Amino acid sequence: MTHTPPTTDADYELLAARFRPLFAEIAEGASRRELDHELPRKEIRSLITAGFGALRVPVADGGLGASLPQLFRLLTELAAADSNIPQALRAHFAFVEDRLVSTGPQRAVWLKRFVDGETVGNSWTEVGGVTIGDVITKVSPDPDRHDGGFLISGTKYYSTGSIFADWIDTFAQRTDNDVKVIAVVSAHQPGVTHADDWNGFGQQTTGSGTSTFERARVDAGNVIDFDTRFKYQTAFYQAVLLAVLAGTITAAERDVAHEVRNRTRIFSHGNASSFAADPQILQVIGEVSAAAYAADATVERAARALQHAYEGAFLDDEAEDERRNDVAELETAKAQVILTALATRATSDVFNALAASGVSTAKNFDRHWRNARTAANHNPWVFKARIIGDHSVNGVVPPRVWSIGSAPSGAAKA
(Lines give C-alpha, C1' and ligand atoms only; values in the text may rest on other atoms or scores of the structure.)
Protein backbone atom coordinates (compact mmCIF):
# COMPACT_ATOMS: atom_id res chain seq x y z
CA MET A 1 0.00 0.00 0.00
CA THR A 2 1.34 3.44 -0.96
CA HIS A 3 0.32 6.87 0.15
CA THR A 4 -0.68 9.73 -2.11
CA PRO A 5 2.50 11.60 -3.12
CA PRO A 6 2.87 15.36 -2.79
CA THR A 7 1.69 17.32 -5.80
CA THR A 8 2.51 20.68 -7.38
CA ASP A 9 0.54 23.83 -8.11
CA ALA A 10 0.63 22.95 -11.81
CA ASP A 11 -0.97 19.61 -11.00
CA TYR A 12 -3.62 21.45 -9.03
CA GLU A 13 -4.56 23.70 -11.94
CA LEU A 14 -5.02 20.69 -14.20
CA LEU A 15 -7.15 19.01 -11.56
CA ALA A 16 -9.21 22.11 -10.82
CA ALA A 17 -9.89 22.71 -14.53
CA ARG A 18 -11.82 19.44 -14.55
CA PHE A 19 -14.33 20.76 -12.00
CA ARG A 20 -14.45 24.55 -12.40
CA PRO A 21 -17.13 24.47 -15.13
CA LEU A 22 -19.30 22.47 -12.72
CA PHE A 23 -18.50 24.89 -9.90
CA ALA A 24 -19.67 27.77 -12.11
CA GLU A 25 -22.97 26.01 -12.84
CA ILE A 26 -23.42 25.25 -9.16
CA ALA A 27 -22.82 28.90 -8.20
CA GLU A 28 -25.38 30.08 -10.72
CA GLY A 29 -28.25 28.35 -8.92
CA ALA A 30 -27.05 28.45 -5.30
CA SER A 31 -29.15 31.38 -4.09
CA ARG A 32 -32.30 30.13 -5.83
CA ARG A 33 -31.87 26.65 -4.37
CA GLU A 34 -31.70 28.08 -0.90
CA LEU A 35 -34.70 30.35 -1.38
CA ASP A 36 -36.74 27.40 -2.72
CA HIS A 37 -35.18 24.88 -0.31
CA GLU A 38 -34.18 22.70 -3.24
CA LEU A 39 -31.62 20.09 -2.23
CA PRO A 40 -28.60 20.00 -4.59
CA ARG A 41 -29.13 16.39 -5.66
CA LYS A 42 -28.39 17.02 -9.33
CA GLU A 43 -25.34 19.16 -8.55
CA ILE A 44 -23.82 16.57 -6.22
CA ARG A 45 -24.46 13.79 -8.70
CA SER A 46 -22.77 15.82 -11.48
CA LEU A 47 -19.70 16.25 -9.30
CA ILE A 48 -19.57 12.55 -8.41
CA THR A 49 -20.01 11.54 -12.05
CA ALA A 50 -17.01 13.75 -12.89
CA GLY A 51 -14.89 11.90 -10.32
CA PHE A 52 -15.07 14.35 -7.42
CA GLY A 53 -15.84 11.65 -4.89
CA ALA A 54 -12.71 9.74 -5.90
CA LEU A 55 -10.36 12.72 -5.61
CA ARG A 56 -8.25 11.08 -2.91
CA VAL A 57 -8.26 7.59 -4.40
CA PRO A 58 -4.79 6.83 -5.81
CA VAL A 59 -4.42 6.93 -9.59
CA ALA A 60 -3.33 3.28 -9.54
CA ASP A 61 -6.74 2.43 -8.08
CA GLY A 62 -8.67 4.45 -10.64
CA GLY A 63 -8.97 7.74 -8.75
CA LEU A 64 -7.47 11.19 -9.24
CA GLY A 65 -4.71 10.92 -6.63
CA ALA A 66 -5.22 14.34 -5.03
CA SER A 67 -3.20 15.32 -1.98
CA LEU A 68 -4.99 16.72 1.05
CA PRO A 69 -3.91 20.32 0.27
CA GLN A 70 -5.38 19.86 -3.21
CA LEU A 71 -8.59 18.39 -1.84
CA PHE A 72 -9.13 21.29 0.54
CA ARG A 73 -8.35 23.89 -2.12
CA LEU A 74 -11.02 22.29 -4.28
CA LEU A 75 -13.47 22.15 -1.38
CA THR A 76 -12.84 25.87 -0.77
CA GLU A 77 -13.55 26.64 -4.44
CA LEU A 78 -16.69 24.51 -4.25
CA ALA A 79 -17.77 26.30 -1.06
CA ALA A 80 -17.47 29.61 -2.91
CA ALA A 81 -19.97 28.20 -5.39
CA ASP A 82 -22.33 26.69 -2.79
CA SER A 83 -21.15 26.25 0.78
CA ASN A 84 -23.79 23.59 1.44
CA ILE A 85 -22.25 21.04 -0.92
CA PRO A 86 -18.79 20.53 0.63
CA GLN A 87 -20.47 20.15 3.99
CA ALA A 88 -22.88 17.61 2.50
CA LEU A 89 -19.82 15.66 1.24
CA ARG A 90 -17.88 16.01 4.50
CA ALA A 91 -18.62 12.49 5.73
CA HIS A 92 -17.88 11.02 2.33
CA PHE A 93 -14.37 12.39 2.21
CA ALA A 94 -13.77 11.41 5.85
CA PHE A 95 -14.73 7.83 5.11
CA VAL A 96 -12.55 7.82 2.00
CA GLU A 97 -9.68 8.96 4.21
CA ASP A 98 -10.39 6.19 6.71
CA ARG A 99 -10.30 3.56 3.99
CA LEU A 100 -7.09 4.97 2.52
CA VAL A 101 -5.15 4.31 5.72
CA SER A 102 -6.87 0.99 6.45
CA THR A 103 -5.49 -2.44 5.66
CA GLY A 104 -7.09 -5.70 4.57
CA PRO A 105 -9.27 -6.72 1.62
CA GLN A 106 -12.05 -4.23 2.37
CA ARG A 107 -9.78 -1.34 1.41
CA ALA A 108 -9.78 -2.31 -2.27
CA VAL A 109 -13.52 -2.98 -2.18
CA TRP A 110 -14.24 0.52 -0.93
CA LEU A 111 -11.79 2.29 -3.23
CA LYS A 112 -13.55 0.67 -6.19
CA ARG A 113 -16.91 1.81 -4.85
CA PHE A 114 -15.66 5.39 -4.64
CA VAL A 115 -14.32 5.22 -8.19
CA ASP A 116 -17.66 3.77 -9.34
CA GLY A 117 -19.42 6.83 -7.93
CA GLU A 118 -20.79 5.54 -4.66
CA THR A 119 -20.93 8.04 -1.81
CA VAL A 120 -21.08 7.94 1.97
CA GLY A 121 -23.11 10.03 4.41
CA ASN A 122 -22.88 10.70 8.13
CA SER A 123 -24.89 9.39 11.08
CA TRP A 124 -23.14 9.86 14.42
CA THR A 125 -25.10 12.07 16.83
CA GLU A 126 -27.72 10.40 19.00
CA VAL A 127 -31.18 11.93 19.37
CA GLY A 128 -32.47 12.94 22.79
CA GLY A 129 -30.95 13.03 26.26
CA VAL A 130 -28.33 10.34 25.84
CA THR A 131 -25.54 10.61 28.38
CA ILE A 132 -22.05 11.41 27.10
CA GLY A 133 -20.26 8.14 26.42
CA ASP A 134 -23.44 6.12 25.88
CA VAL A 135 -24.44 4.85 22.45
CA ILE A 136 -28.14 4.13 21.95
CA THR A 137 -27.84 2.94 18.35
CA LYS A 138 -27.16 -0.79 18.50
CA VAL A 139 -25.76 -3.39 16.11
CA SER A 140 -26.87 -6.96 16.81
CA PRO A 141 -26.05 -10.29 15.14
CA ASP A 142 -28.70 -11.15 12.56
CA PRO A 143 -30.21 -14.52 13.55
CA ASP A 144 -31.46 -15.10 10.00
CA ARG A 145 -28.04 -14.84 8.39
CA HIS A 146 -25.25 -17.37 8.42
CA ASP A 147 -22.52 -15.07 7.09
CA GLY A 148 -21.94 -13.11 10.29
CA GLY A 149 -24.18 -10.23 9.25
CA PHE A 150 -25.82 -7.75 11.62
CA LEU A 151 -28.94 -5.66 12.15
CA ILE A 152 -28.82 -2.01 13.22
CA SER A 153 -31.50 -0.02 15.04
CA GLY A 154 -31.43 3.56 16.29
CA THR A 155 -32.05 7.20 15.46
CA LYS A 156 -29.47 9.84 14.61
CA TYR A 157 -29.60 13.60 14.09
CA TYR A 158 -27.24 15.95 12.20
CA SER A 159 -26.87 13.18 9.61
CA THR A 160 -25.36 15.54 7.06
CA GLY A 161 -25.20 14.25 3.51
CA SER A 162 -26.96 10.95 4.21
CA ILE A 163 -29.99 11.92 2.16
CA PHE A 164 -27.75 12.04 -0.93
CA ALA A 165 -25.64 8.97 -0.12
CA ASP A 166 -25.45 5.29 -1.02
CA TRP A 167 -23.91 4.35 2.33
CA ILE A 168 -24.15 5.80 5.83
CA ASP A 169 -21.16 5.92 8.18
CA THR A 170 -22.94 5.23 11.49
CA PHE A 171 -21.54 5.26 15.01
CA ALA A 172 -23.05 2.40 17.02
CA GLN A 173 -22.37 -0.24 19.67
CA ARG A 174 -22.49 -4.00 19.28
CA THR A 175 -24.83 -5.85 21.61
CA ASP A 176 -22.79 -9.05 21.62
CA ASN A 177 -19.52 -7.60 22.96
CA ASP A 178 -20.29 -3.89 23.74
CA VAL A 179 -17.57 -2.73 21.32
CA LYS A 180 -18.16 0.70 19.76
CA VAL A 181 -18.12 0.44 16.00
CA ILE A 182 -18.66 2.17 12.72
CA ALA A 183 -21.48 0.40 10.89
CA VAL A 184 -21.49 1.29 7.20
CA VAL A 185 -25.15 0.88 6.31
CA SER A 186 -26.55 0.66 2.79
CA ALA A 187 -28.93 3.59 2.43
CA HIS A 188 -31.03 1.81 -0.21
CA GLN A 189 -32.84 -0.83 1.81
CA PRO A 190 -35.93 -1.31 3.94
CA GLY A 191 -35.50 -0.07 7.48
CA VAL A 192 -33.51 3.07 6.56
CA THR A 193 -35.32 6.41 6.39
CA HIS A 194 -34.15 10.02 6.24
CA ALA A 195 -35.88 13.27 7.11
CA ASP A 196 -34.68 16.63 5.80
CA ASP A 197 -35.61 18.25 9.10
CA TRP A 198 -32.55 20.36 9.89
CA ASN A 199 -34.03 23.71 10.97
CA GLY A 200 -30.95 25.90 11.22
CA PHE A 201 -30.98 29.40 9.74
CA GLY A 202 -27.94 28.58 7.60
CA GLN A 203 -26.51 25.70 5.58
CA GLN A 204 -30.12 24.81 4.84
CA THR A 205 -29.57 22.50 1.86
CA THR A 206 -26.89 20.19 3.27
CA GLY A 207 -29.49 17.44 3.62
CA SER A 208 -28.90 17.31 7.37
CA GLY A 209 -31.56 15.89 9.62
CA THR A 210 -32.76 12.66 11.15
CA SER A 211 -31.77 9.17 9.99
CA THR A 212 -33.67 6.22 11.43
CA PHE A 213 -32.60 2.59 11.33
CA GLU A 214 -35.12 -0.15 12.07
CA ARG A 215 -33.43 -3.54 11.91
CA ALA A 216 -31.56 -2.55 8.76
CA ARG A 217 -29.02 -5.05 7.51
CA VAL A 218 -25.26 -4.55 7.76
CA ASP A 219 -22.70 -6.90 6.24
CA ALA A 220 -20.11 -8.27 8.64
CA GLY A 221 -17.28 -6.62 6.71
CA ASN A 222 -18.96 -3.25 7.16
CA VAL A 223 -18.87 -3.32 10.96
CA ILE A 224 -15.56 -1.67 11.83
CA ASP A 225 -14.02 -1.36 15.29
CA PHE A 226 -14.11 2.36 16.11
CA ASP A 227 -10.65 2.20 17.69
CA THR A 228 -9.18 1.53 14.24
CA ARG A 229 -10.62 4.75 12.83
CA PHE A 230 -8.04 7.08 11.22
CA LYS A 231 -6.41 9.17 13.92
CA TYR A 232 -6.76 12.61 12.36
CA GLN A 233 -10.51 12.29 11.81
CA THR A 234 -11.63 15.18 14.03
CA ALA A 235 -9.02 17.46 12.49
CA PHE A 236 -10.21 16.35 9.04
CA TYR A 237 -13.87 17.03 9.83
CA GLN A 238 -12.93 20.46 11.16
CA ALA A 239 -10.86 21.25 8.08
CA VAL A 240 -13.91 20.73 5.85
CA LEU A 241 -15.72 23.38 7.89
CA LEU A 242 -12.69 25.64 7.50
CA ALA A 243 -13.01 25.28 3.73
CA VAL A 244 -16.71 26.10 4.03
CA LEU A 245 -15.87 29.30 5.92
CA ALA A 246 -13.14 30.34 3.52
CA GLY A 247 -15.29 29.73 0.46
CA THR A 248 -18.20 31.61 2.01
CA ILE A 249 -16.08 34.76 2.36
CA THR A 250 -15.11 34.50 -1.31
CA ALA A 251 -18.76 34.07 -2.29
CA ALA A 252 -19.77 37.15 -0.30
CA GLU A 253 -17.01 39.19 -1.93
CA ARG A 254 -18.04 37.99 -5.41
CA ASP A 255 -21.74 38.69 -5.00
CA VAL A 256 -21.39 42.11 -3.39
CA ALA A 257 -18.65 43.21 -5.81
CA HIS A 258 -21.04 42.38 -8.64
CA GLU A 259 -23.77 44.41 -6.95
CA VAL A 260 -21.46 47.39 -6.48
CA ARG A 261 -20.19 47.15 -10.03
CA ASN A 262 -23.70 47.38 -11.45
CA ARG A 263 -25.27 49.85 -9.04
CA THR A 264 -26.43 53.12 -10.67
CA ARG A 265 -27.78 55.06 -7.68
CA ILE A 266 -25.39 57.05 -5.48
CA PHE A 267 -25.59 59.23 -2.37
CA SER A 268 -25.14 62.99 -2.41
CA HIS A 269 -22.64 62.72 0.42
CA GLY A 270 -20.63 59.96 -1.26
CA ASN A 271 -17.22 60.37 -2.90
CA ALA A 272 -17.71 59.58 -6.60
CA SER A 273 -20.16 59.53 -9.46
CA SER A 274 -20.65 55.77 -9.04
CA PHE A 275 -20.45 53.22 -6.26
CA ALA A 276 -17.88 51.35 -8.33
CA ALA A 277 -15.53 54.36 -8.16
CA ASP A 278 -16.16 55.38 -4.56
CA PRO A 279 -12.93 54.84 -2.58
CA GLN A 280 -14.73 54.06 0.67
CA ILE A 281 -16.87 51.40 -0.97
CA LEU A 282 -13.79 49.96 -2.66
CA GLN A 283 -12.05 49.83 0.70
CA VAL A 284 -14.83 47.64 2.11
CA ILE A 285 -14.60 45.22 -0.79
CA GLY A 286 -10.82 45.23 -0.54
CA GLU A 287 -10.89 44.34 3.14
CA VAL A 288 -13.29 41.45 2.50
CA SER A 289 -11.07 40.25 -0.34
CA ALA A 290 -8.09 40.32 2.01
CA ALA A 291 -10.07 38.30 4.52
CA ALA A 292 -10.76 35.70 1.81
CA TYR A 293 -7.04 35.58 1.04
CA ALA A 294 -6.16 35.03 4.70
CA ALA A 295 -8.84 32.36 5.00
CA ASP A 296 -7.52 30.48 1.97
CA ALA A 297 -3.99 30.60 3.38
CA THR A 298 -5.23 29.33 6.75
CA VAL A 299 -7.01 26.38 5.15
CA GLU A 300 -3.91 25.54 3.14
CA ARG A 301 -1.73 25.56 6.27
CA ALA A 302 -4.17 23.24 8.08
CA ALA A 303 -4.35 20.94 5.04
CA ARG A 304 -0.56 20.57 5.01
CA ALA A 305 -0.68 19.44 8.64
CA LEU A 306 -3.32 16.88 7.68
CA GLN A 307 -1.15 15.67 4.80
CA HIS A 308 1.72 15.11 7.23
CA ALA A 309 -0.63 13.20 9.55
CA TYR A 310 -1.78 11.05 6.63
CA GLU A 311 1.79 10.28 5.63
CA GLY A 312 2.62 9.51 9.26
CA ALA A 313 0.31 6.51 9.10
CA PHE A 314 2.81 4.83 6.75
CA LEU A 315 6.03 5.59 8.66
CA ASP A 316 6.05 2.58 11.01
CA ASP A 317 7.02 5.06 13.74
CA GLU A 318 4.27 5.28 16.37
CA ALA A 319 5.76 8.23 18.24
CA GLU A 320 6.14 10.32 15.10
CA ASP A 321 2.68 9.30 13.91
CA GLU A 322 1.16 10.48 17.21
CA ARG A 323 3.10 13.74 17.07
CA ARG A 324 1.84 14.50 13.57
CA ASN A 325 -1.74 13.80 14.57
CA ASP A 326 -1.43 16.10 17.58
CA VAL A 327 -0.06 18.83 15.32
CA ALA A 328 -2.95 18.39 12.89
CA GLU A 329 -5.47 18.66 15.72
CA LEU A 330 -3.82 21.81 17.06
CA GLU A 331 -3.48 23.49 13.68
CA THR A 332 -7.09 22.91 12.69
CA ALA A 333 -8.19 24.16 16.13
CA LYS A 334 -6.13 27.34 15.74
CA ALA A 335 -7.54 27.79 12.25
CA GLN A 336 -11.06 27.35 13.59
CA VAL A 337 -10.60 30.03 16.24
CA ILE A 338 -9.33 32.60 13.77
CA LEU A 339 -11.65 31.73 10.87
CA THR A 340 -14.77 31.83 13.03
CA ALA A 341 -14.14 35.49 13.77
CA LEU A 342 -12.80 36.30 10.30
CA ALA A 343 -15.67 34.74 8.35
CA THR A 344 -18.53 36.00 10.47
CA ARG A 345 -17.11 39.51 10.49
CA ALA A 346 -16.29 39.60 6.76
CA THR A 347 -19.73 38.32 5.74
CA SER A 348 -21.27 41.02 7.91
CA ASP A 349 -18.89 43.85 6.98
CA VAL A 350 -19.54 43.29 3.29
CA PHE A 351 -22.94 44.96 3.79
CA ASN A 352 -21.08 48.23 4.46
CA ALA A 353 -20.56 48.39 0.69
CA LEU A 354 -24.31 48.30 0.08
CA ALA A 355 -27.29 50.52 0.70
CA ALA A 356 -30.71 49.51 2.00
CA SER A 357 -31.48 47.61 -1.20
CA GLY A 358 -28.65 45.23 -0.34
CA VAL A 359 -30.73 43.60 2.38
CA SER A 360 -33.44 42.53 -0.05
CA THR A 361 -34.57 38.98 0.68
CA ALA A 362 -34.68 38.36 -3.05
CA LYS A 363 -30.97 39.12 -3.36
CA ASN A 364 -30.33 36.76 -0.44
CA PHE A 365 -26.91 38.21 0.38
CA ASP A 366 -27.54 37.49 4.05
CA ARG A 367 -27.17 33.76 3.31
CA HIS A 368 -23.40 34.20 3.39
CA TRP A 369 -23.42 35.43 7.00
CA ARG A 370 -26.00 32.82 7.99
CA ASN A 371 -23.99 30.06 6.37
CA ALA A 372 -20.73 31.22 7.94
CA ARG A 373 -22.32 31.60 11.37
CA THR A 374 -23.86 28.13 11.12
CA ALA A 375 -20.67 26.40 10.01
CA ALA A 376 -18.76 28.23 12.74
CA ASN A 377 -21.14 26.97 15.42
CA HIS A 378 -20.08 23.37 14.91
CA ASN A 379 -17.63 22.17 17.60
CA PRO A 380 -17.64 25.41 19.67
CA TRP A 381 -14.43 27.35 19.12
CA VAL A 382 -14.28 28.56 22.72
CA PHE A 383 -13.40 25.04 23.89
CA LYS A 384 -10.79 24.77 21.16
CA ALA A 385 -9.21 28.07 22.26
CA ARG A 386 -8.92 26.76 25.81
CA ILE A 387 -7.36 23.51 24.56
CA ILE A 388 -4.83 25.48 22.50
CA GLY A 389 -3.97 27.61 25.52
CA ASP A 390 -3.59 24.52 27.71
CA HIS A 391 -1.11 23.15 25.20
CA SER A 392 0.82 26.41 25.03
CA VAL A 393 1.03 26.86 28.79
CA ASN A 394 1.04 23.30 30.13
CA GLY A 395 2.03 21.12 27.19
CA VAL A 396 -1.27 19.21 27.33
CA VAL A 397 -1.95 17.42 24.04
CA PRO A 398 -5.38 18.06 22.53
CA PRO A 399 -8.11 15.39 22.65
CA ARG A 400 -8.65 13.83 19.24
CA VAL A 401 -12.05 12.25 19.93
CA TRP A 402 -14.96 13.82 21.75
CA SER A 403 -18.73 13.44 21.95
CA ILE A 404 -21.87 15.37 22.85
CA GLY A 405 -24.71 14.42 25.18
CA SER A 406 -26.17 14.94 28.62
CA ALA A 407 -23.90 15.22 31.63
CA PRO A 408 -23.51 11.99 33.60
CA SER A 409 -25.75 11.67 36.65
CA GLY A 410 -24.23 13.47 39.62
CA ALA A 411 -21.85 15.58 37.51
CA ALA A 412 -21.04 18.96 39.02
CA LYS A 413 -22.74 22.00 37.53
CA ALA A 414 -21.11 25.38 37.21
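Predicted model only: the values in this text are computed from it and were never measured. (Residues numbered from 1 in each chain as written. Predicted model: local features only at pLDDT ≥ 70, side-chain atom pairs only at ≥ 80, totals over all residues. Heavy atoms only, no water.)

1. Regarding the overall build of the chain
- A count of helices and strands for the chain gives 11 helices and nine strands.
- In terms of overall dimensions, the chain is globule-like: its C-alpha atoms have a radius of gyration of 22 Å, near the 22 Å expected for 414 residues.
- Principal-axis analysis of the C-alpha atoms places the extent of the chain at approximately 80 × 55 × 45 Å.
- Here the chain holds 414 residues, and 52% of them are scored as buried.
- The contacts in the chain between residues at least 6 apart in sequence include a share of 76% that link residues at least 24 apart.
- On the chain, roughly 18500 Å² of surface is accessible, and the fraction owed to carbon and sulfur atoms is 54%. (Helix = DSSP H or I, 4+ residues; strand = E, 2+ residues; numbered from the N terminus. Rg over C-alpha atoms; globule rule 2.2 N^0.38 Å. Buried < 20%, exposed > 50% of the residue type's maximum accessible area, 1.4 Å probe, protein only. Contact = heavy atoms within 4.5 Å. Areas by Shrake-Rupley, 256 points an atom, 1.4 Å probe, with all protein chains shown as cover.)

2. Notes on the UniProt feature "domain: Acyl-CoA dehydrogenase/oxidase N-terminal" (unreviewed entry) in the chain
- Mapped onto the present numbering, the UniProt feature "domain: Acyl-CoA dehydrogenase/oxidase N-terminal" (unreviewed entry) falls at residues 24-118.
- When the span residues 24-118 is considered, its composition is 66% helix and 0% strand, and the gap between its end C-alpha atoms is 23 Å. (UniProt positions renumbered as here; feature names shortened; annotations may be inferred.)

3. Focus: the pattern of salt bridges
- Considering all chains together, one arrives at 30 salt bridges under this definition.
- The salt bridge partner of Arg-20 is Glu-13, with a shortest N-O separation of 2.9 Å.
- Assessed through its relative accessible area of 30%, Arg-20 is described here as partly exposed.
- What makes Glu-13 partly exposed here is its relative accessible area of 38%. (Salt bridge = Lys/Arg side-chain N within 4 Å of Asp/Glu carboxyl O.)

4. Section: the domain arrangement of the chain
- Domain parsing of the chain yields domain 1 (12-118), domain 2 (125-227) and domain 3 (232-394).
- Taken over C-alpha atoms, the centre of domain 1 sits 22 Å from the centre of domain 2.
- With 21 residues of domain 1 in contact, the opposing surface of domain 2 contributes 17 residues.
- In total, domain 1 and domain 2 occlude about 1800 Å² of area from one another, counting both sides; carbon and sulfur atoms represent 54% of this.
- Inspection of the region where domain 1 meets domain 2 yields zero salt bridges.
- One can count seven residue pairs in polar contact (both at pLDDT 80 or more) joining domain 1 with domain 2. (Domains from an automatic or database assignment. Buried area = accessible area lost by both parts, 1.4 Å probe. Polar contact = N/O pair within 3.5 Å; in protein donor to acceptor, adjacent residues only side chain to side chain.)

5. Re a nonpolar patch on the surface
- Taken together, the side chains of Trp-381, Val-382 and Phe-383 define a hydrophobic patch exposed on the protein surface, amounting to about 290 Å² of accessible area.
- Under the relative-accessibility criterion, Trp-381 is labelled partly exposed at 34%. (Patch = residues over 30% accessible without salt bridge, like charges linked within 9 Å, V, L, I, M, F, W, Y side chains within 5 Å.)

6. Here we look at the side chain of Gln-203
- Counting through the fold element by element, Gln-203 comes out in the loop between β7 (192-195) and β8 (210-218).
- On the accessibility criterion, Gln-203 (1% relative accessible area) is buried.
- A distance of 2.7 Å separates polar atoms of two side chains, one belonging to Gln-203 and the other to Ser-83.
- Not counting residues up to four positions away in its chain, the partners in contact with Gln-203 are Ser-83, Asn-84, Gln-87, Trp-198, Val-244, Asn-371, Thr-374 and Ala-375.

7. What about the packing of aromatic side chains?
- Per the stated rule, a full pass over the model turns up 20 aromatic pairs.
- Taken together, the ring pairs in this structure connect Phe-19, Phe-23, Phe-52 and Phe-93 into an aromatic cluster.
- The ring of Tyr-12 carries Arg-73 above its face, with NZ or CZ at 3.8 Å from the centroid.
- The ring of Trp-110 carries the charged tip of Arg-113 above its face, separated from the ring centre by 4.4 Å. (Phe/Tyr/Trp six-rings, centres within 6.5 Å; stacked < 30°, edge-to-face > 60°. Lys NZ or Arg CZ within 6 Å of the ring centre and 35° of its normal.)

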